[in-house]
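Architecture at a glance
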Amino acid sequence: MFSGSMVALVTPLDEAGEVDYAGLASLVEYHIAAGTDAIVAVGTTGESATLTVDEHVKVVLKTLEFANGRIPVIAGTGANATHEAITFSKLFSGTGVAACLSVTPYYNKPTQEGLYQHYKAIAEATELPQILYNVPGRTAVDMLPETVARLAKIDNIVGIKDATGDLARVQKTRELCGEDFIQLSGDDATGLDFVAAGGHGVISVTANVAAEDMATMFKLALSGQIDAAREINERLMPLHKTLFVESNPIPVKWAAHQLGLIKHGQLRLPLTELSESAQPAVTEALKDAKVLP
């Protein structure tokens, strides 16, 4: 159902810090032209933590409108309160959203049983396909493969975005969940190796600024042309790493602004603009990746 290079899309903001919907439309066109396989709207990279509920819903719906059926749109619906995640999922029912991406509850550190019950409740409240999202570095909780396997038995839980960078989990998850359970990397630096190990694709930060290269790389990888894919990946590796020199999406929004993909690199507090000390490293990575002349 989902594979290849999917972008964790930034949410463009204007100088006043309000959502720039014209800029959002331009980003959607950029990704369609580049061959991106799907757009994740208002995930972590889309600043889900600082958009209001109304903004969150509107950005997803506008992304759908701008996409106009030309590219699948996955809605970020995660929350650390189960009832809130259920509300987001229900709000997107019948809208044309292809799936929901739901991050593990952050800060409150649920047990494995708590994670199971959280996702079970969400899945039972909506008919939309659900993609689990495990990113311990941001949430302080790690959803173990055994818990994923329990959840995979629920019909509309169709896959996982795994940002642990632990490549051994690909095989283990496949053994526990079966080959049809979708495995997507959430870590650009190990994304190609994740697919080489049997994963289906990546939900990428790098794709915000190197969309065509990422799309080509994963098309090659999924067709068995791993060596050709690795050539692209080696060129992009400095970018994969440097886009996390400060908290995501600080570097990638600055980079997208430098490339003219968005008019401003504005973020919502408590995130601030990329520090002057980090800017040369990001510029150099863009040049090394041949994204910036």
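Just so we're clear, the structure is a prediction, and the values are computed from it rather than from any experiment. (Residues numbered from 1 in each chain as written. Predicted model: local features only at pLDDT ≥ 70, side-chain atom pairs only at ≥ 80, totals over all residues. Heavy atoms only, no water.)

Some thoughts on the side chain of Thr45
Counting through the fold element by element, Thr45 comes out in the loop between strand S2 (38-41) and helix H2 (53-67). For Thr45, a relative accessible area of 4% puts it in the buried group. Within the structure, Thr45 has its side chain in polar contact with the side chain of Asn248 (distance 2.9 Å). Beyond its immediate chain neighbours, meaning those up to four positions away, Thr45 contacts Ala8, Leu9, Val10, Thr11, Val205, Asn208, Asn248, Pro249 and Val252. (Helix = DSSP H or I, 4+ residues; strand = E, 2+ residues; numbered from the N terminus. Buried < 20%, exposed > 50% of the residue type's maximum accessible area, 1.4 Å probe, protein only. Polar contact = N/O pair within 3.5 Å; in protein donor to acceptor, adjacent residues only side chain to side chain. Contact = heavy atoms within 4.5 Å.)

Brief notes about the environment of Leu9
By secondary structure assignment, the location of Leu9 is in the loop between strand S1 (4-8) and helix H1 (21-34). Separated by 250 residues in the primary sequence, Leu9 and Leu259 place their C-alpha atoms 15 Å from one another. Apart from residues no more than four positions distant in its own chain, Leu9 is found in contact with Leu24, Leu27, His31, Ile39, Val40, Thr45, Gly46 and Asn208.

Some remarks on the pairing of strand S8 (residues 201-204)
By the alternation rule, side chains of S8 split into Gly201 and Ile203 and Val202 and Ser204, which are all buried. When S1 meets S8, the two strands line up parallel, connected through four bridges. Within S8, the residue paired with Val7 across the bridge is Ser204. Handedness of the crossover joining strand S7 (residues 182-185) and S8 through helix H8 (residues 188-196) is recorded here as right-handed. (Pairing = 2+ DSSP bridges. Right-handed = clockwise from strand over helix to strand, strands pointing away.)

Quick notes on the nonpolar core
Within the largest apolar cluster, 60 residues are counted, with the highest numbers of intra-cluster contacts made by Phe92, Val209 and Leu239. Ranked by residues supplied to this core, first place goes to H2 with six residues. The residues contacting Phe92, other than those within four sequence positions of it, are His56, Val57, Val60, Leu61, Ala75, Gly76, Thr77, Val97 and Leu128. (Core = buried A, V, L, I, M, F, W, Y, C linked by side-chain atoms within 4.5 Å.)

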